[in-house]
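Observations on chain architecture
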Amino acid sequence: MLVQQLFVRYAPQLRAYALALAGEFAAADDVIQETFLTVTTKAADFQPETNFLAWSCAIVRLKVLENQRASRRFSPAVIDSLAASASPDLLREERLTLLMACMDALPPKALELVRLRYFSEHGPSEIAQLLGRTVAGVNNGLLKARNAIRDCVAKKLAAGSDGRMEATG
Amino acid sequence: MSTPQDDPINEAAPPTPSMADRREMLIDSWFDGMLADDQFAELETSLIESSEARQEFWERASVHGLLREAAKLQFSSVGVATPPVNPAATSSGGDGMSLAAFAAAWCELPLVVRRIVVVVGWLAAVLVASRGIASLTLAGGVKPAAIVVHEEGFETPPPPAQNFQPQHFDLWGGDETEVVGVTDGVVPHGGARMLTFVSGHPRDTFYEGVVAEIWRFVDLTELRASAGGRLDRVELSAFFNAAQTGDVVKPFGGVSLIATDTHPRDFRRDWRAQFAAAAKQPASMAASEIRQDLDSDSRTWQRLSATVDVPEGARYLVLHCFTERWRNDGERLVWESMGQYVDDIRLEVVRAAIPRPPR
């Protein structure tokens, strides 16, 4: 499989990884585009039997370190610490599917916050203006929505894991 | 140093949050760009010193990162559905395509199609930007008065295609344009990028164009289906700016919106004849155009908008943004296109019958 195909396959995971380290949506997108170009240039260096996600995450990390445009970014020491402790499990493709199912279960107000923050890419201050709420209220709402989704995904993962154990046991 | 008044974390938090709660809110505020300097330093220290903090960071990062992916997929049904085969191909969209299906379809493509330019452009367009047509069925929490169904801020590729008339459902097209950052003192209205008009004709061609313009089709069938069959009124808006130039006579910008039953393949070069046709076929066509002089203050953006009541017989919308200016060269007025910018184009359903989704 070409590295470009692998890149497409793992794009959501790579973007999530880049977003974690870069912090800002636009900065993460820039990093991903630069990563794609590097992955393409260095395609010959990739060993097909090795882990593409790990290889490309290392490139993402370097691009984040190179990228100085973000208004605030972690120090190299923090980025290196985080990169060393990242768990591939947290970015599994399965999580994306489960997370989408969990979004459906959010109350309408929480879903609207998610839409404004992650689809329209408004910051909490903008969302507060749009909805006529306080910034603190929006922050709190986003925190609760994320926690609800985190708990929901964890529950579904646990249920799936139990199911597999039963099926194989 | 932040104060209690400007500390969004303390403001939002219970009076005495636990260390875990505090860290949770610091991490979330990092992702939302809401950290004060001292809070950022606190988070960095915590991430360096504590493996527990790093583990929690990744747990929340996975939610934050994948939530963005999920929102892009879930709220942009048409944008995601479009097969990323060729930016020049016309597509009318379809049902949402799963990530796996997308990857599988991609793998089926011939090598030549998977050129870097296509990958970069469409990967960004379909999976990164996803600024496509939003699904109305998920808008249960949105006021029916104004639902954004399309946004374009030119933050991510692909840039508009080059063509002489509206052609695409999934891509802006038109005259020669360039996506730029801050230019000539003009700061993008939103985000880091905006579109500047380069000429009044597609790149590598030349004819005496009248205005510099971009356009795009929207399939009303999907919007109607999502809106329970009714779609009454839509509004197209865009922000325009003109760079400061002393000898320019009244640059102007404009937007037009056409509801029509004519399929893109049947559009002709004189597609603006649709305006005249609309008056004769009110059951299937409607058109509206707003144009306005642009001030020459590069610091100000001017919002222009056009609204149409969508006739029941209309099947498509044409979104159209245009600009023009004349320069006085001392002897005569010379038409030119450079120096105008457009950003944050938005299509909104401003009146529709939207059933609340069952819960």
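About the cut-offs
Counting from 1, residues in each chain are numbered in the order their sequence is written. All chains are assigned letters beginning with A, and all ligands numbers beginning with 1, in the order in which they are written. Only residues with pLDDT of at least 70 are given local features in this predicted model, and only at 80 or more are side-chain atom pairs given and counted; all residues enter the totals for whole chains, interfaces and linings. Going along the chain from the N terminus, every DSSP run of H or I of four or more residues is numbered as a helix, and every run of E of two or more is numbered as a strand. For the purpose of contact definition, each residue receives a C-beta atom placed from its backbone, and two residues are in contact when these atoms lie within 7 Å. Neighbour density around each residue's C-beta defines its exposure: 20 or more other C-beta atoms within 10 Å make it buried, 12 or fewer make it exposed, and counts between make it partly exposed, where C-beta atoms are placed from the backbone. Think of a nonpolar core as buried Ala, Val, Leu, Ile, Met, Phe, Trp, Tyr and Cys residues, each tied to the set through C-beta atoms within 7 Å. As a rule, the C-alpha atoms of each element are fitted with a line to give its axis, helices using only the stretch in contact, and angles between N-to-C directions run from 0 to 180 degrees. Oblique is the label for every angle not falling under 35 degrees (roughly parallel), over 145 degrees (roughly antiparallel), or within 65 to 115 degrees (roughly perpendicular). Note on convention: near helix rotated counterclockwise from far helix by under a right angle means a left-handed crossing. Clockwise means right-handed. Only Asp, Glu, Lys and Arg are considered charged in this grouping, and only Ala, Val, Leu, Ile, Met, Phe, Trp, Tyr, Cys and Pro are considered nonpolar; every other residue, Gly among them, is considered polar. A helix's residues, less one, multiplied by 1.5 Å, set its expected span. Here, the arc refers to the directions that run from the helix axis to the C-beta atoms. Along the chain, pLDDT gives the predictor's confidence residue by residue, from 0 to 100.

Moving on to the overall build of chain B. What chain B contains, in helices and strands, is nine helices and 13 strands. A separation threshold of at least 6 residues defines the contact pool for chain B, and within that pool the share at least 24 residues apart is 73%.

Let's shift gears to the overall build of chain A. Counting secondary structure elements, chain A contains eight helices and zero strands. Tracing chain A from N to C terminus, the helices and strands come up as α-α-α-α-α-α-α-α. Sorting the 169 residues of chain A into buried and exposed places 41% on the buried side. A fraction of 66% describes how many contacts in chain A between residues 6 or more apart in sequence connect residues 24 or more apart.

In terms of nonpolar packing, the biggest core is built from 66 residues, with Tyr17, Ala18 and Leu99 of chain A together with Leu67 and Ala70 of chain B touching the most fellow members. It is helix 1 (residues 3–22) of chain A that contributes the most residues to this core, 12 residues altogether. Beyond its immediate chain neighbours, meaning those up to four positions away, Leu99 of chain A contacts Ile149 and Val153 of chain A together with Leu66, Leu67 and Ala70 of chain B. Ranked by size, the runner-up nonpolar core spans 53 residues in total, among them Val149, Leu195, Ile258 and Tyr316 of chain B.

It is worth spelling out the packing of helix 4 (residues 76–85) of chain A against helix 3 (residues 37–49) of chain B at this point. One can describe the packing of helix 4 of chain A onto helix 3 of chain B by two numbers: an axis separation of 9 Å at closest approach and a directional angle of 45 degrees. Relative to helix 3 of chain B, the element helix 4 of chain A lies oblique. Read as a crossing pair, helix 4 of chain A and helix 3 of chain B show a hand that is left-handed. Facing helix 4 of chain A, whose interface residues are Ala77, Val78, Ser81 and Leu82 of chain A, helix 3 of chain B presents Glu44, Leu47 and Ile48 of chain B. In terms of residue class, the contact of helix 4 of chain A with helix 3 of chain B is built from five nonpolar, one polar and one charged.

Turning to the interface of chain A and chain B, a few remarks are in order. In this assembly, 56 residues from chain A lie in contact with 58 residues from chain B. Contributing elements (two or more residues each) for the side of chain A that touches chain B: helix 1, helix 2 (25–41), helix 4, helix 5 (93–104), helix 6 (108–119) and helix 8 (135–168) of chain A. A class-by-class count of the residues in the side of chain A that touches chain B yields 32 nonpolar, 13 polar and 11 charged.

Once that is clear, we can look at unusual backbone geometry. Residues and elements named next belong to chain B. The backbone of Phe154 sits at a positive phi, close to 60 degrees, despite the residue not being glycine. With respect to the secondary-structure elements, Phe154 resides in the loop between strand 1 (147–152) and strand 2 (161–162). The backbone phi angle of Asp344 is positive, close to 50 degrees, even though this residue is not glycine. Locating Asp344 in the fold gives a position in strand 13 (residues 340–351).

Turning our attention to the environment of Glu155 of chain B. On the secondary structure map, Glu155 of chain B appears in the loop between strand 1 and strand 2. For the pair Glu155 of chain B and Gly181 of chain B, spaced 26 residues apart in sequence, the C-alpha separation works out to 9.4 Å.

A few words now on the packing of helix 2 (residues 19–31) of chain B against helix 3 of chain B. A pair of packed helices is captured by two measures, namely the crossing angle of their axes and the spacing between those axes. All names here are of chain B. At a closest axis distance of 10 Å, the pairing of helix 2 and helix 3 adopts a crossing angle of 115 degrees. Taken together, the axes of helix 2 and helix 3 are roughly perpendicular relative to one another. Remark: the crossing between helix 2 and helix 3 carries left-handed chirality. Only Gln39, Glu42, Leu43 and Ser46 of helix 3 make contact with helix 2, whose side of the interface consists of Arg23, Leu26, Ile27, Ser29 and Trp30. Broken down by class, the residue content of the contact of helix 2 with helix 3 amounts to four nonpolar, three polar and two charged.

What follows deals with helix 3 (residues 52–66) of chain A. All names here are of chain A. Along its 15 residues, helix 3 runs 21 Å from first to last C-alpha, staying within 8% of the 21 Å computed at 1.5 Å per residue. Considered for burial, the residues of helix 3 that qualify are Ser56, Cys57, Val60, Arg61, Lys63 and Val64. In a view along the axis of helix 3, the buried residues occupy a sector of 165 degrees, so they form one face of it. For helix 3, exposure combined with an orientation more than 90 degrees from the buried face picks out Ala54, Ala58 and Glu66. Those residues of helix 3 that are buried lie in contact with helix 1, helix 2 and helix 4.

Turning next to the confidence of the model for chain A. Summarising the model, chain A shows a mean pLDDT of 81, and 91% of its residues fall at 70 or more. A low-confidence stretch, residues 163–169 of chain A stays under pLDDT 50, and its non-local contacts, those more than four residues away or across chains, total zero contacts.

Once that is clear, we can look at the confidence of the model for chain B. Reading predicted coordinates in detail is not appropriate for stretches of low pLDDT. All names here are of chain B. When pLDDT is averaged along chain B, the result is 70, and 63% of the positions lie at 70 or above. Considering only residues more than four positions removed or in separate chains, one finds that residues 77–145, a stretch of pLDDT under 50, has 134 contacts. Per the prediction output, this complex has pTM 0.45; the corresponding ipTM is 0.81.

What follows concerns the environment of Lys42 of chain A. All names here are of chain A. Along the chain, Lys42 falls in the loop between helix 2 and helix 3. Residue classification places Lys42 among the partly exposed residues on the basis of 13 C-beta atoms within 10 Å. Distance from Lys42 to Val3, taken between C-alpha atoms, is 9.2 Å for residues 39 residues apart in sequence.

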